[in-house]
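Architecture at a glance
Chain by chain, the residues run as shown.
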Amino acid sequence: MDEMNSLNLEVIEGDRIARLDGHDLDLGARAFDVLAYLHMNSGRVVSKTELLESVWDGRIVEEGNLSVQISALRKALGKRAIKTVPGVGYSLSLAPSKGQVLPAGPALPTKPSLVVLPFTNMTGSTERDYLVDGMVQEISTALGRLSRIFLISTTTSFAYKGRSVDLAEVGREVGVRYILEGSIQASQEKLRIFTQLVEAESGHTIWSERFDGIVNDIFDLQDKVAEQVAGALEPKLQFAEVDWAKSKPTDSLEAYDLCLRALPLVLKLHAPNALETGLDLLRQALDSDYIHAHALVAYAHTSAFATRWWTLDQARQGVRHARFVFDSDTDDALALSYAGHFIAYICFQYQEGLTALNRAARLNPNSGTTEMLLGWVHNYLDNNSEAIEHLERAKRLSPLHPHIGVINSGIGLAHFQANNPERAVAFFERAMTEYPEFATNQLNLIGCYWLLGRKADAIRTAEWFRRKVPDMTVETLMKTRPVRSALYIEVMQSALREIGFPD
């Protein structure tokens, strides 16, 4: 029986029983095996490779399986029961006693805060440490371009390499809410990179991903991993912050927290009342001239028109907020993206919007949101190959983006304008399942179905659209759609007239 930090842990392998302070623990079979191995090797750091080979009997499994078991054990034993040793593996310990006061660290920044810990070298060769460390450097450089993230420098994070720590301690010591950790495995010339984003305090995994490549392409692989990690983390951190803000007292809201609470209400609209609730929160944030609040108000107006809950004239009331972002000369890439797209989509100022979005892309070349909005503006300009390029890159950077339906809809529009209606329909129909209220899908499907001779489908879709926009006319479409494609205009006018929409 071991006693650590005033808690007694007993592991009886033959009977497969684990007790903490005399109470039996309810563990899954694999979690028990991991605990038993760590318990047998108490007093030393056990590498991830050793755990995987010993507990899984040499079978090839994802490192994520090990992470799941470690999380389960921390839940059962306490968040600090198992320490992570960055770049190495895990060691068994237990939480400090109730009387022990932990030292306070730096105050958390007001924006998402992150540290990238040294990755674990599981290649079997210490000579590849440079490769593992280089990957961390590339990822940190890519994340450093995200102006809305507070990132701890690698000079600080690499001080944890080889040290026995737990993630909550790291978060407290450097003053961050989130930790990115990972590992690199090798089999001959093949490489496998595993990354995961963890909330430091709770140890909860927010996001994880796996990348495969070969040693000879290591520099290309580093670039690929870095851009995709940065692209995926931008929206994930945004929504993780939303959950964090909701847990705070409602009487201590400031502009940043107000924007966080408004974000899910105005970003992807499902009902008009959610839009109004989100705008009410954002109007409170505007009192401080917070740039991002103005940008989100502009984007809310964009979404309200795209879902056809508002008219174009209503949406244009947001123009002063987009102009506020432009006049601020901000380096906030996301704010520039929202404002730039508003100017192009709602005000038909295509080149001005494109200029703002191109600047945003230079400030943060790894933003799936910026790539998505760039793709849409190229659609308005009938630059279909450029639109597809940007929209496909948005999907590659952020495959779980909350606006994946908008991305697929944009790809559909580019194919429509390029006179490839069958491909367009496939993307529009997929986008409808991902974002049903995005009425641009149904509008464009009317034209595509008509072009393909699928008149029954066109009429059915038109009936849905009429219910949402009962006063739609051909003239209204021409005045409110920001497109230059002659093919699109010709097809849509013909389809609407023949289906029975008035001129």
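Residues numbered from 1 in each chain as written. Predicted model: local features only at pLDDT ≥ 70, side-chain atom pairs only at ≥ 80, totals over all residues. Heavy atoms only, no water.

1. Thoughts on the nonpolar core
Counting residues in hydrophobic clusters, the biggest one holds 94 residues, and the most contacted among them are L275, L282, Y338, I346, M372, W376 and F416. For this core, the element with the highest residue contribution is helix α10 (residues 291-306), accounting for eleven residues. Excluding anything up to four places from it in sequence, Y338 contacts Q238, L267, H292, A295, L296, Y299, T369 and L373. Core analysis: the second largest hydrophobic core is formed by 31 residues, L146, F211, L221 and A232 among them. (Core = buried A, V, L, I, M, F, W, Y, C linked by side-chain atoms within 4.5 Å. Buried < 20%, exposed > 50% of the residue type's maximum accessible area, 1.4 Å probe, protein only. Helix = DSSP H or I, 4+ residues; strand = E, 2+ residues; numbered from the N terminus. Contact = heavy atoms within 4.5 Å.)

2. Considerations on the packing of helix α1 (residues 29-40) against helix α3 (residues 63-77)
Close contact between α1 and α3 brings their axes to 9 Å; oriented N to C, the two are set at 80°. One element, α1, and the other, α3, form an angle in the roughly perpendicular class. Residues R30, A31, V34, L35 and L38 of α1 form the contact with α3, whose own contacting residues are L66, Q69, I70, L73 and L77. Partitioned by chemical class, the residues of the contact of α1 with α3 number eight nonpolar, one polar and one charged. (Axes fitted to C-alpha atoms, helices over the stretch in contact; angles between N-to-C directions. Parallel < 35°, antiparallel > 145°, perpendicular 65-115°, else oblique. Nonpolar A, V, L, I, M, F, W, Y, C, P; charged D, E, K, R; others polar.)

3. Here we look at the pattern of salt bridges
In total, this model carries 22 salt bridges according to the counting rule given. R283 is the partner of D280 in a salt bridge, and the nearest nitrogen-oxygen pair spans 2.8 Å. Taken together, the positions of D280 and R283, both in helix α9 (residues 272-285) and three residues apart, correspond to about one turn of that helix. Judged by relative accessible area, which is 43%, D280 ranks as partly exposed. Using a relative accessible area of 42% as the deciding quantity, one classes R283 as partly exposed. Through salt bridges with shared partners, a single ionic network connects E227, E371, R393 and R396. (Salt bridge = Lys/Arg side-chain N within 4 Å of Asp/Glu carboxyl O.)

4. Section: a negative patch on the surface
Taken together, E138, D217, D220 and D223 make up a surface patch of like negative charges. Tracing the backbone shows E138 in helix α4 (residues 129-143). The exposure class assigned to E138 is partly exposed, which follows from its relative accessible area of 30%. (Patch = residues over 30% accessible without salt bridge, like charges linked within 9 Å, V, L, I, M, F, W, Y side chains within 5 Å. Areas by Shrake-Rupley, 256 points an atom, 1.4 Å probe, with all protein chains shown as cover. Lys, Arg positive; Asp, Glu negative; His and termini not counted. Charge placed at Lys NZ, Arg CZ, Asp CG, Glu CD.)

5. A closer look at the sheet that holds strand β7 (residues 89-92)
Pairing in this open sheet of three strands is antiparallel, and the strands run β5-β7-β6 from one edge to the other. Bordering the open sheet on either side are β5 (46-47) and β6 (82-85), each of which pairs with just one other strand. Where β5 meets β7, two bridges bridge the pair, whose relative direction is antiparallel. The partner of V46 across the bridge, within β7, is Y90. Taken strand by strand, α1 contacts β5, β6 and β7, and its axis lies near 75° from that of β7. (Pairing = 2+ DSSP bridges.)

6. What to know about the confidence of the model for the protein
Per-residue confidence for the protein gives a mean pLDDT of 84; residues scoring 70 or more make up 93%. Taking the mean pLDDT of every element in the protein, the minimum, 40, falls on strand β1 (residues 2-4) and the maximum, 96, on helix α17 (residues 404-417). Low confidence marks residues 1-6, where pLDDT is under 50. Its contacts with residues over four positions away, or in another chain, come to 18 contacts. Contacts of residues 95-102 to residues separated by more than four positions or lying in other chains number eleven contacts, the stretch itself having pLDDT below 50. (pLDDT = per-residue confidence, 0-100.)

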